[in-house]
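Coordinate analysis (summary)
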Amino acid sequence: MTGLTVLEICAGAGGQAIGLEAAGWHHAAVVDNDPAACETLRQNRPSWKVIEKDIAQLDGREFQSIDLLAGGLPCPPFSIAGKQLGSDDDRDLFPEALRLIEEVSPAAVMLENVRGIATKRFDHYREWLLGALQELGYEPDWRLLKASDFGVPQLRPRFVLVALKPRCADKYVWPEPKEAAPTVGETLVDLMAAEGWPGAREWANQASTIAPTIVGGSKKHGGPDLGPVRARKAWRALGVDGRVVADAPPSRDFPSDGYPRLTVGMVARLQGFPSDWTISGRKTPAYRQVGNAFPPPVAQAVGESIRKALVTDAAYV
């Protein structure tokens, strides 16, 4: 079999798309309703079909030949903070995803969200979701995967749901952790030193753990900062001022013992984006795209496991 294809919804800045591409998937289309995110996708992958619309307006019957439907659905309805629904950013899009799955009928489904959906509070919701997929003819399963288990320098646990048609489901094996994640200092030392800051090496030596989970991606609440007070304290322990995201790395005049701020590019690297992937838009929308992203290395690992299940199944081939 060649050319396994994927329709990706809620694609954002392309974190999941980069990972799936690296896993050997070909994108039939990527869909998002955010203009800045769509511009990011167009700039980095001009050959991709980028559809800029709400998935509620997407007709899945156009994509009935694809093999995988994937997406990172908005997280606010399932955040641990428990926000009430009430804005476009807070909508529960799982029902729309289920509609598209029914219309497309792909061999496999991959959906990710925040770890909050895996908590006891949402037991009944998960049961409903898994039952709905079973009614559509899939065998679903889910795991909490830590990004740090796949070489990403932050903890970032994510709820990942994989569902396959019965003919392929028994071939599926969840990916195992691949490599130890580098520290924040190891990951960012070259970027911190890019403008000649003399304290970059010393800073990197003491930034000797992985990062806390990057937050702050909500359209309603998220500005260009590294999150609420608790998150900022964790960043402070790594020698980072998390109150504001910087426009540029620290200069050669920045105090050697100072607390630098991260740029959008630094945050993107901590999310596992490749260095040649550019994020479109001004600082706030650019940071929001990165803050909401699914780390590409994790998406690649899951994408490889799904691909293997399909290509090793004689009935599917």
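Residues numbered from 1 in each chain as written. Predicted model: local features only at pLDDT ≥ 70, side-chain atom pairs only at ≥ 80, totals over all residues. Heavy atoms only, no water.

Overview of helix α3 (residues 94-104)
Turning to α3, its buried residues number three or more, namely Phe94, Ala97, Leu98, Leu100, Ile101 and Val104. For α3, the arc enclosing every buried residue in end-on projection is 165 degrees, short of the 170-degree limit, so these residues lie on one face. Buried-residue contacts for α3 involve β1 (5-9), β4 (68-72), β5 (108-114) and α4 (123-135). Of the residues one or two after α3, Ser105 is the one with positive phi, at around 55 degrees. (Buried < 20%, exposed > 50% of the residue type's maximum accessible area, 1.4 Å probe, protein only. Helix = DSSP H or I, 4+ residues; strand = E, 2+ residues; numbered from the N terminus. Arc of directions from axis to C-beta. Contact = heavy atoms within 4.5 Å.)

Quick word on the nonpolar core
Soluble globular proteins tend to pack their nonpolar side chains together in the buried interior. Val184, Trp203, Leu226, Trp235 and Leu262 are the most contacted members of the largest nonpolar core, which totals 38 residues. The set of elements that each furnish at least two residues to this core consists of α1 (15-22), α2 (35-44), α6 (184-192), α7 (200-206), α9 (264-270) and α10 (283-291). Of the residues forming this core, the biggest block, five residues, is contributed by α9. If we skip the residues at most four places from it in the chain, Leu226 touches Val215, Ala231, Trp235, Val240, Gly242, Val245, Leu262, Val267 and Tyr287. Ile9, Ala29, Leu98 and Phe159 belong to the second-largest nonpolar core, a separate cluster that totals 32 residues. (Core = buried A, V, L, I, M, F, W, Y, C linked by side-chain atoms within 4.5 Å.)

Thoughts on the side chain of Gln16
Tracing the backbone shows Gln16 in helix α1. With sequence-adjacent residues up to four places away left out, Gln16 is seen in contact with Glu8, Ala70, Gly71, Gly72, Met110, Glu112, Phe294 and Ala299.

Regarding the sheet that holds β4
Spatial ordering of the open sheet is given by β3-β2-β1-β4-β5-β7-β6, a layout of seven strands whose pairing is mixed. The open sheet terminates on both sides in strands that have one partner only, identified here as β3 (50-52) and β6 (139-146). Averaged over neighbouring strand pairs, the angle between their axes works out to 15 degrees when direction is ignored. Relative to strand β7 (residues 157-164), β5 runs antiparallel, the two being bridged by seven bridges. (Pairing = 2+ DSSP bridges. Axes fitted to C-alpha atoms, helices over the stretch in contact; angles between N-to-C directions.)

What about the packing of aromatic side chains?
In the structure shown here, the tally under the stated rule is five aromatic pairs. With 5.5 Å between their ring centres and 80 degrees between their planes, Trp197 and Phe254 make a pair best called edge-to-face. You can see Trp197 sitting in the loop between α6 and α7 and its partner Phe254 sitting in the loop between α8 (229-237) and α9, a full 57 residues away along the chain. You can call Phe254 partly exposed: its relative accessible area is 25%. Three or more aromatic residues link up through ring pairs in this structure, and these residues are Phe94, Tyr125 and Trp128. Lying over the aromatic face of Tyr259, Arg236 brings its terminal NZ or CZ to 3.6 Å of the ring centre. (Phe/Tyr/Trp six-rings, centres within 6.5 Å; stacked < 30°, edge-to-face > 60°. Lys NZ or Arg CZ within 6 Å of the ring centre and 35° of its normal.)

Details of unusual backbone geometry
We note that Ser105 has phi near 55 degrees; this positive angle belongs to a residue other than glycine. Mapped onto the elements of the fold, Ser105 is located in the loop between α3 and β5. Residue classification places Ser105 among the partly exposed positions, given a relative accessible area of 38%. Positive phi, normally seen in glycine, also occurs at Arg156, with a value near 40 degrees. Assignment of secondary structure puts Arg156 in the loop between β6 and β7.

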